[in-house]
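Descriptive analysis of the structure
Below, each chain spelled out in residue letters.
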Amino acid sequence: MSEPATLEFISDNISEDEVIFPPGDILSDEPLLESDLHRDQIDLLIRILKLWWRERQDFYASGNLTIYYSPNQKKSEKFRGPDFFVVLGTQKKDRKSWVVWQEYGKYRNLIVEILSSSTVAVDKGLKKQVYQDTFRTPDYFWFAPVTMEFQGFHLVNGKYQEILLTTDGRLWSQQLELYLGVYEGKLRFFTTENQLILSSEELAEQERLRAQQAEERAQRAEERAQQAEEEITRLREVLRTQGIEPENI
């Protein structure tokens, strides 16, 4: 399994006086998302993975959040904001941004970019190059919610190699040990058994349907019991009209 890069710290030709050390709470500096499709897609991936890994405390999943990665530890240079990302082997806590030099040099294990007409060239070009050469992010995917374009790459010997689609049209993430695939127009996670990982809303709806079905089964059983009781009563009346007491049978 490929490992993401760690920060290469201050080079020898930079004096200690030239380095700017920002405070711990550095705010994210990402622009507003282009559409509801983009916002909803990012939010869906974050919520589902957090729910699926709710017992884990060793990861961080977020999106549209700035990554500051300057070797000189400067907020004003070298920063990127992936749409969705996951870092493994880190503390599960809320953050205002991801500052590599404050996170023990850790970069992302997985990145997903949600393509749009204004970002597609950068996502497929410059960002892909940065994620490969600087971040050394093992798994990189992109998805276009309008055209349904979906592609993934895994880092092999320092270079991205395209991940082949399964017969179900899904891509395997070695880092998450989950499949990614398109379901009802959204990028979703699937288990190793190709089962869709449900959102909290879908789980609630599933439980509602189960309760409704259980109630309907109980109602049908009650109706059958009532019908059986009515049939027994009818038969007893038939016997009595024939001069036979049912209790004597």
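Keep in mind that what you see is a predicted model, and the values were worked out from it rather than measured.

1. Topic: the overall build of the protein
The helix and strand inventory of the protein stands at four helices and 12 strands. Here the analysis covers contacts within the protein between residues at least 6 apart in sequence; of these, 60% occur between residues at least 24 apart. Accessible surface, the protein: about 14500 Å² in total, of which carbon and sulfur atoms supply 50%.

2. Here's the deal with the packing of aromatic side chains
Counting across every chain of the model gives 17 aromatic pairs. A centroid spacing of 6.4 Å and a plane angle of 20 degrees characterise the contact between phenylalanine 141 and phenylalanine 150, whose relative ring orientation is stacked. Each member of the pair phenylalanine 141 and phenylalanine 150 is classed as buried. Centroid distance phenylalanine 143 to phenylalanine 150: 6.4 Å. Interplanar angle 80 degrees. Geometry classified as edge-to-face. The same class applies to phenylalanine 143 and to phenylalanine 150, which are both buried.

3. Quick notes on the confidence of the model for the protein
Across the protein, the average pLDDT comes to 84, with 83% of residues at or above 70. Overall, residues 7-23 carries pLDDT values under 50, and its contacts beyond four positions in sequence, including any with other chains, amount to 31 contacts. In this model, residues 27-32 is a region of pLDDT below 50 whose contacts with residues beyond four sequence positions or in other chains number 19 contacts.

4. What to know about helix α1 (residues 36-52)
The terminal C-alpha atoms of α1 lie 24 Å apart, and with 17 residues this matches the ideal 24 Å at 1.5 Å per residue to within 8%. Against the buried residues of α1 lie β1 (59-62), β4 (84-88), β6 (110-114), β7 (139-143), β11 (178-183) and β12 (186-190).

5. What to know about the sheet that holds strand β9 (residues 159-162)
The strand order across the open sheet built from six strands is β1-β4-β6-β7-β8-β9, with neighbouring strands paired in mixed fashion. Two strands lie at the open edges of the sheet, namely β1 and β9, each paired on one side alone. Each strand axis lies, on average, 15 degrees off the axis of its neighbour in the sheet, ignoring direction. Alignment of β7 against strand β8 (residues 150-156), held across five bridges, turns out to be antiparallel. Residue aspartate 139 lies in a different strand from β8, and its bridge partner there is histidine 154. Lying on the sheet, α1 is in contact with β1, β4, β6 and β7; it crosses β1 at an angle near 160 degrees. Across the face of the sheet, helix α3 (residues 126-135) comes into contact with β6, β7, β8 and β9 while running at roughly 125 degrees to β9.

6. Concerning the sheet that holds β12
Reading across the sheet, the three strands line up as β10-β11-β12 and stay open at both edges, with antiparallel pairing between neighbours. This sheet does not close on itself; its edge strands, each paired only once, are β10 (171-173) and β12. Taken pair by pair, the neighbouring strands of this sheet meet at an average axis angle of 35 degrees, ignoring direction. Sheet topology places β10 next to β11; three bridges connect them, and they run antiparallel. Residue leucine 171 lies in a different strand from β11, and its bridge partner there is leucine 180. Of the strands in this sheet, β11 and β12 are in contact with α1, which crosses β12 at around 10 degrees.

7. Comments concerning the pattern of salt bridges
Taken as a whole, this structure holds 12 salt bridges when the rule is applied. The partner of glutamate 113 in a salt bridge is lysine 127, with the nearest N and O atoms 3.3 Å apart. Taken together, the positions of glutamate 113 in strand β6 and lysine 127 in helix α3 put the pair 14 residues apart, joining distant regions of the chain. A relative accessible area of 11% places lysine 127 in the buried class. Note that lysine 124 and glutamate 149 form a salt bridge whose closest N and O atoms lie 2.7 Å from each other. Linking lysine 124 in helix α2 (residues 120-124) with glutamate 149 in the loop between β7 and β8, this pair joins segments that are 25 residues apart in sequence. Assessed through its relative accessible area of 28%, glutamate 149 is described here as partly exposed.

Thresholds, definitions, all that
- Residues numbered from 1 in each chain as written.
- Predicted model: local features only at pLDDT ≥ 70, side-chain atom pairs only at ≥ 80, totals over all residues.
- Heavy atoms only, no water.
- Helix = DSSP H or I, 4+ residues; strand = E, 2+ residues; numbered from the N terminus.
- Contact = heavy atoms within 4.5 Å.
- Areas by Shrake-Rupley, 256 points an atom, 1.4 Å probe, with all protein chains shown as cover.
- Phe/Tyr/Trp six-rings, centres within 6.5 Å; stacked < 30°, edge-to-face > 60°.
- Buried < 20%, exposed > 50% of the residue type's maximum accessible area, 1.4 Å probe, protein only.
- pLDDT = per-residue confidence, 0-100.
- Expected span 1.5 Å × (residues − 1).
- Pairing = 2+ DSSP bridges.
- Axes fitted to C-alpha atoms, helices over the stretch in contact; angles between N-to-C directions.
- Salt bridge = Lys/Arg side-chain N within 4 Å of Asp/Glu carboxyl O.

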